[in-house]
Amino acid sequence: MTSGCTHEKIVSRGVVSDLRKICDKILSIAVSLKYSKDDIFAMHLAMEEAFINAVKHGNNGDIEKNVTIDYTITPEKFDISVIDEGSGFTPETLADPRAGDNLFKTSGRGVLLIKSYMDFVEHAQNGRLVHMVKKNTNKAIPGKA
Amino acid sequence: MNEVKPRISVYYAQNATVVTLTDEKILEEGDIKSIEDSIMPLIESRVNLVIDFSEVQFLSSTVLGLLIRVSKRIYEQKGRLRLCSIGPKIYDIFKITRLDEVFEISEDAKKAIKSLA
């Protein structure tokens, strides 16, 4: 049975399929804490995009580099940091994928989706860390059937 | 022998080829590549293509990139593309990224086919 608060710090290989197992675990906790379907969809999408960014763009696909996941989930909110071991980037310089010809580019929409679906997003450590928060809009009582 | 699960189903209707994405979740890079490899031969010549999302409950931005590549190929061949049966949660992703303005999206396959008549 899931307690009211789960916190884990996991250092994983920089492989998306490994990170998805962590994602699945977090989502199952969110289900048990009665997060809404919309919240779970948002958390899933944000984690997927953050993990792909960390592996492909951060670590540049180098499986010798790790991705660190530091998360806390409570009945009230989900808080996660995803940290890669790449050279970082300047988030402010990211092109808006909705602007002009960027609309027709085949990539570059991940950060926009993360910002759109999560309640709070910040980048730190020279862009190597993305910190995201999603509130439980149901605010359910844990353990109640 | 490994069982290979098809990622799309295809049927031909009037003047359109209709591709239904059969996965509920489209995430894995290999799956997306497999979908692309299945669709591209269908649009090597001028064709009107409908992509049906009725089975799809979840996708990542990587799939949006695939759709852009498919649309470019179709337009190069002077064909036309319609997307259809996109559920509300997936449609939100199109709206947020403004791809609802790039793609012509129909309510269902029947209407998409009709729009290509």
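To be clear, the structure that these remarks concern was listed above.
The rules behind each value
Residues numbered from 1 in each chain as written. Chains lettered and ligands numbered in written order. Predicted model: local features only at pLDDT ≥ 70, side-chain atom pairs only at ≥ 80, totals over all residues. Heavy atoms only, no water. Helix = DSSP H or I, 4+ residues; strand = E, 2+ residues; numbered from the N terminus. Buried < 20%, exposed > 50% of the residue type's maximum accessible area, 1.4 Å probe, protein only. Lys, Arg positive; Asp, Glu negative; His and termini not counted. Charge placed at Lys NZ, Arg CZ, Asp CG, Glu CD. Contact = heavy atoms within 4.5 Å. Areas by Shrake-Rupley, 256 points an atom, 1.4 Å probe, with all protein chains shown as cover. Buried area = accessible area lost by both parts, 1.4 Å probe. Salt bridge = Lys/Arg side-chain N within 4 Å of Asp/Glu carboxyl O. Phe/Tyr/Trp six-rings, centres within 6.5 Å; stacked < 30°, edge-to-face > 60°.

Observations concerning the overall build of chain B
Regarding its fold elements, chain B presents four helices and seven strands. What you see in chain B, going N to C, is helices and strands ordered as β-β-β-α-β-β-α-β-α-β-α. For chain B, the spread of C-alpha atoms along the principal axes amounts to about 40 × 35 × 25 Å. Relative to its full complement of 117 residues, chain B shows a buried share of 50%. Here chain B contributes 17 positive and 18 negative side-chain charges, whose respective centroids are spaced 6 Å apart.

Some words on the overall build of chain A
Of the regular secondary structure elements, chain A holds three helices and five strands. Taken across its 145 residues, chain A has 49% of its residues classed as buried. Considering only contacts in chain A between residues 6 or more positions apart, those separated by 24 or more positions represent 69%. Element-wise, carbon and sulfur atoms account for 52% of the exposed surface of chain A, whose accessible area totals about 7200 Å². Distance between charge centres in chain A, computed from 19 positive and 19 negative side chains, equals 4 Å.

Re the interface of chain B and chain A
Contact residues are listed per partner, giving 24 residues for chain B and 21 residues for chain A. In total, about 2000 Å² of surface goes out of reach between chain B and chain A, with carbon and sulfur atoms giving 66% of it. At the boundary of chain B and chain A, one finds three salt bridges. For D38 of chain A, the salt bridge goes to K89 of chain B, with nearest N and O atoms at 3.0 Å.

Quick notes on the pattern of salt bridges
A pair can form between side chains of opposite charge whenever their charged atoms are brought close. By the definition in use, this model includes 15 salt bridges over all chains. Across the pair E29 of chain B and K56 of chain A runs a salt bridge, and its minimum N-O distance is 3.5 Å. Here E29 of chain B is found in helix α1 (residues 29–39), whereas its partner K56 of chain A is found in helix α2 (residues 37–58) on a different chain. Since its relative accessible area comes to 36%, K56 of chain A is described here as partly exposed. Among the salt bridges present, the one from D119 of chain A reaches K134 of chain A, with a minimum N-O distance of 3.9 Å.

So, the packing of aromatic side chains
By the definition in use, this model includes four aromatic pairs over all chains. For the pair F41 of chain A and F58 of chain B, a centre-to-centre distance of 5.2 Å together with 70° between the ring planes defines the contact as edge-to-face. Placement of the pair is F41 of chain A in helix α2 and F58 of chain B in strand β5 (residues 58–59), with the two residues belonging to separate chains. Note on F41 of chain A: relative accessible area 7%, which makes it buried. The buried category is assigned to F58 of chain B, whose relative accessible area is 4%. Between F94 of chain B and F103 of chain B the ring centres are 6.2 Å apart and the planes differ by 75°, which places this aromatic pair in the edge-to-face class. On the basis of relative accessible area, F94 of chain B is assigned to the buried category, the value being 0%. For F103 of chain B, a relative accessible area of 3% puts it in the buried group. An aromatic cluster is present here, built from F41 and Y117 of chain A together with F58 of chain B joined pairwise through their rings.

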